[in-house]
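# Fold and contact review
Listed below, chain by chain, are the residues.
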Amino acid sequence: SSSSSSSSSSSSKPSYYTVIRAGGATGEKGFGMQNVTLRQGDYIRGSLPMEDLASVTVASLYTKETRDTVFEVVTGNEGLHRGFSKLRHGHDGSSEECPPEDLHLARRA
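Residues numbered from 1 in each chain as written. Predicted model: local features only at pLDDT ≥ 70, side-chain atom pairs only at ≥ 80, totals over all residues. Heavy atoms only, no water.

## Observations concerning the packing of aromatic side chains
- Under the definition given, this model contains 1 aromatic pair.
- Taking the centre distance of 6.2 Å and the plane angle of 80 degrees together, the rings of Phe-71 and Phe-84 count as edge-to-face. With Phe-71 in strand β5 (residues 69-75) and Phe-84 in helix α3 (residues 80-86), this residue pair connects regions lying 13 residues apart in the sequence. A single burial state applies to Phe-71 and to Phe-84, both of which are buried.
- Over the ring of Tyr-16 we find Arg-67, and its NZ or CZ is 4.2 Å from the ring centre. (Phe/Tyr/Trp six-rings, centres within 6.5 Å; stacked < 30°, edge-to-face > 60°. Helix = DSSP H or I, 4+ residues; strand = E, 2+ residues; numbered from the N terminus. Buried < 20%, exposed > 50% of the residue type's maximum accessible area, 1.4 Å probe, protein only. Lys NZ or Arg CZ within 6 Å of the ring centre and 35° of its normal.)

Next up, the structure:
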């Protein structure tokens, strides 16, 4: 009885989620983490090499800013760390209107 109680308390670690919506995945060689752009709001378009998607995914495991959030990532020039710092904790992935400064990233209707 005491062993089952200790095993249940050790398995009650907090759980987090991160949803990464990648632009169209490509098979080309990755461009590196300085060549990605992250946004929230489901309005950006673009592509992303699978190699860079893998790198973003692994980095997000070790970054508090990505906990409990949904974000999009495409090839760009913002850089991974700057992109992570702009994420809004708890964003649920809902669509949002594209801000004027991101019109160059917006999906075409």
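## Details of the sheet that holds strand β3 (residues 36-39)
- Pairing is mixed in the open sheet, where 3 strands are placed in the order β1-β5-β3. The open sheet has two edge strands, β1 (18-22) and β3, and neither has a second partner. Between one strand axis and the next, the sheet turns by 30 degrees as a mean value, whatever way the strands run.
- Pairing geometry for β3 and β5, over 4 bridges, is antiparallel. What sits directly across from Leu-38, in β5, is Val-73.
- Packed onto the sheet, helix α2 (residues 50-61) meets β1, β3 and β5 and runs at close to 165 degrees relative to β1. (Pairing = 2+ DSSP bridges. Axes fitted to C-alpha atoms, helices over the stretch in contact; angles between N-to-C directions. Contact = heavy atoms within 4.5 Å.)

## Quick look at the pattern of salt bridges
- Inspection of every chain in the model, using the stated rule, returns 7 salt bridges.
- In this structure, Asp-102 and Arg-39 form a salt bridge, with 2.7 Å as the shortest nitrogen-oxygen distance. Remark: Arg-39 occurs in strand β3 and Asp-102 occurs in the segment after α3; sequence separation between them is 63 residues.
- Residue classification places Asp-102 among the buried residues on the basis of a relative accessible area of 4%.
- Across the pair Glu-96 and Arg-88 runs a salt bridge, and its minimum N-O distance is 2.6 Å.
- A relative accessible area of 34% means that Glu-96 is categorised as partly exposed.
- Judged by its relative accessible area of 40%, Arg-88 falls in the partly exposed class.
- Sharing partners across several salt bridges, the network here consists of Arg-39, Glu-78, Lys-86 and Asp-102. (Salt bridge = Lys/Arg side-chain N within 4 Å of Asp/Glu carboxyl O.)

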